[in-house]
Amino acid sequence: PSAPGEISVDEAYAKRAKVSVGQRVEVSTPTGLHPATLVGIFKFGDSGSLGGTTLTAVTVQDAQKWLDLPGKVTTIAVAGRVGTDPALLKSRIGKILPQDRYRVETGAESADRQATTINDGIGFLRTTLSIFALIAILVGSFVIFNVFSITIAQRIREIAMLRTIGASRAQLRRSVIIEALILGVVASLIGIAFGVLLAMGLKWAFDKGGIGLPTASLRVLPRTVIVPLLVGTIATFLAAIIPATRATRIPPVSALREGAVLPKSRLAPYMPYIGIVATLIGIALVAVGFTSDASLSSRLKTIGFGAALIVIGIGLAMRLMIRPIAGAVGAPLEAVFGNSAAIARRNATRDTTRTASTATALMIGVGLVVFIAVFVHGIKVSLFDALDTTLRADEVTLNENFSPMPLGIVAAARAVPEVESAMGIGTVETQVDGSNAPISAIDPAAATSLVNFDWRDGGSNALLDQLGSDGAVIEESFAQDRALKVGSTFEVEAIDGQRATFTVKGIYRDPQLFTGYTITTEGLRRLTETPTVAVLLTKLRPGVDLTVGTAQLNDALTASYPTAKVRTRSEYKDFINTQLSVFLYVLYALLALSVIISLIGVIITLLLAIYERTREIGMMRAVGTTRGQVRAMILHEGVITCLIGGIVGLFVGLLLGGLVTKGLESEGIAFSVPYVTLVVVLVLTIFAGLIAAFLPAMRAAKLRPLDALQYE
């Protein structure tokens, strides 16, 4: 672009919008629509986009006009003469600019600062993925522990024979641990290779989807290999320690008799009760974390540790629940399917420790799914309640891309004959006492008919008329966190450096919508030179049909503000529900990994159990049990095992959801049970049991009676 009215756009947007060079377009900015000609299409680095963000290049004059910044720029780039030291150039420029208003930095410093900002911004993503990775490793560790326990039990005569011919306990322990280390290293290397391929696939998918990022060539750093290799190997090693120790306790005499079993550890009888104590301690820690006055990071660590103790404690106590739950879920199966289901129930309760370990892996995945469902459902219910009690508006208008709208949209809405009142809610990024503080700027005259504040300390809507340009009403939690009361003052710093002091005129409670503090539009002008509107609230005149009035308002706004989307309150709720559901599905997709791992554990356990019961199955076939009955028996055993994990998982999820929502009650989040989700989870658990048991059932059904009877 070199002349007024010329623009260029990034390649990804040009493809998405199907625009080409020479085409006449309109550019929407906070000052309205501006006609322009597309004169160029560009890339950003080696990518056609910057993470899906639309990039538009215009002349400086057009930018100043369209963004209402006459005679102003936001960034100045300086190139020094050949041989000039960047640090010296920075120092000289810094001497002529006020340091409290301008940031002067070298190109390298600017790149580092922006990279740090981006990394800090996506830090939550790294943390979230790390948490889900740890969950997957924890579930995998249960599976590994169970498999080693079963395989060692099946090799009891072999290990006893080694003891008979002189193998020491230390040698046996080392052999099992070395076996675990080899498996851990091999599996971790395979996982690393799969992770690299997945990263390449994701980059390709993002590029194809138009949300790619300019990147250097894919690099596999040493830590990318070392950390996962250590984590996978150590997790396998720790999961195999107890089975390895139990292997050393096998007495040599076990080699002389059939049907020998592994000796129990001295702590085994007490483990369920230790689990109960751990669960109670975990509940107490979660409660302490929410009520403590410690720092946020410290409280979160306490809550996280308490939640982990609850999950581990219930896992240890699972053994006590196997027979009651197996009896409860097995009874209807027995009534419908007869003896095959009865035998399956007895097989599931034959070794409660083994079944508990298998079900615990599934319990973790199901429990977290239910917890997230309860938590997000609580947010939905709380937010919808807040919309019903706080907003009196008929319509809510936002920009499609959530970007701010120009102030002129408020006047445009008021000009629509069907609209009785309209109010824009302005906002800007601000900090109070060094921490981010949500701000809402309103028109007091319109607010009384569009917003219903829940006042505290005898306040009323009359306070809004007293705000002026330096008054504020504040949310109750905001006041408590900063020890503010009516008459107090607090200083606000906006993102672009402006500072302003406001006096507290009143206090209200609204932890969902008008959080932080609320000022007037005049007050907002003290914090930003370009005030905008984040949300537009409108109320129709009495007697105007909602559908007709909304359509008229939408048509009137679209003409000048095409990116603005008008929604009725009901449509706005549906919109929020969709946004939260997308977030929920992403979390479900991440948790699906742990569920899949636990189902693999069920498959392996059933396969090893069939191997262990080969002669038993052969005897059953010899006395007349059909292949179909054997197949049904294994399928029912898989369903019962998965239902045990699923039912306990429901309890864990509801418990964690109840504790967390209770702790966040002051933030406006209520405990609400998504009953439909719970039913769906149970049904999916039954299908998961059938899928996990299918391969073992087919294998068991193929056993030939004579081969099975002579099997050794």
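Residues numbered from 1 in each chain as written. Predicted model: local features only at pLDDT ≥ 70, side-chain atom pairs only at ≥ 80, totals over all residues. Heavy atoms only, no water.

A. Region of interest: the overall build of the protein. Looking only at helices and strands, the protein features 23 helices and 16 strands. With the C-alpha coordinates aligned to their principal axes, the bounding extent of the protein is approximately 95 × 70 × 50 Å. With 712 residues in all, the protein has 41% of them scored as buried. Taking as baseline every contact in the protein between residues at least 6 positions apart, the subset at least 24 positions apart corresponds to 80%. (Helix = DSSP H or I, 4+ residues; strand = E, 2+ residues; numbered from the N terminus. Buried < 20%, exposed > 50% of the residue type's maximum accessible area, 1.4 Å probe, protein only. Contact = heavy atoms within 4.5 Å.)

B. View of the pairing of strand β13 (residues 499-508). Pairing analysis gives two bridges linking strand β10 (residues 455-456) to β13, with the strands arranged antiparallel. Pairing of Arg456 across the sheet is with Ile507, part of β13. Examined bridge by bridge, strand β11 (residues 471-475) and β13 share five bridges and lie parallel to one another. Bridged to Val473 within β13 is Gly506. Alignment of strand β12 (residues 489-494) against β13, held across five bridges, turns out to be antiparallel. By the bridge assignment, Thr489 is partnered in β13 with Thr503. Connecting β12 to the antiparallel partner β13 that follows it, the hairpin turn spans four residues, and Gly497 within it adopts a positive phi of roughly 105°. (Pairing = 2+ DSSP bridges.)

C. Region of the structure containing empty space enclosed by the protein. Taken as a whole, this structure holds one cavity of 30 Å³ or more when the rule is applied. In this structure, the largest cavity occupies an estimated 50 Å³ of space. Lining of the largest cavity is provided by Val143, Asn146, Val147, Ser357, Thr358, Ala361, Ser598, Gly601, Val602 and Thr605. Contributions of two or more residues to the lining of the largest cavity are made by α5 (123-154), α13 (352-390) and α19 (569-612). (1 Å grid on protein atoms, 1.4 Å probe; cavity = no way out; pocket = protein on both sides within 12 Å on 5 of 7 lines; lining within 4 Å. Points joined across faces, edges and corners; volume = space filled by probe spheres on them.)

D. Seen up close, the packing of aromatic side chains. One pass over the structure, following the stated rule, counts twelve aromatic pairs. Judged by centre distance (5.7 Å) and plane angle (70°), the rings of Phe478 and Phe490 are edge-to-face. Residue Phe478 is found in helix α16 (residues 476-481), and its partner Phe490 is found in strand β12; the two are separated by twelve residues along the sequence. We classify Phe490 as buried; its relative accessible area is 5%. The rings of Phe453, Trp455, Tyr508 and Phe514 are connected pair by pair, giving a single aromatic cluster. When the ring centre of Phe502 is taken as reference, the NZ or CZ atom of Arg526 above it lies at 5.0 Å. When the ring centre of Phe575 is taken as origin, the NZ or CZ atom of Arg567, which lies over that ring, is 3.9 Å away. (Phe/Tyr/Trp six-rings, centres within 6.5 Å; stacked < 30°, edge-to-face > 60°. Lys NZ or Arg CZ within 6 Å of the ring centre and 35° of its normal.)

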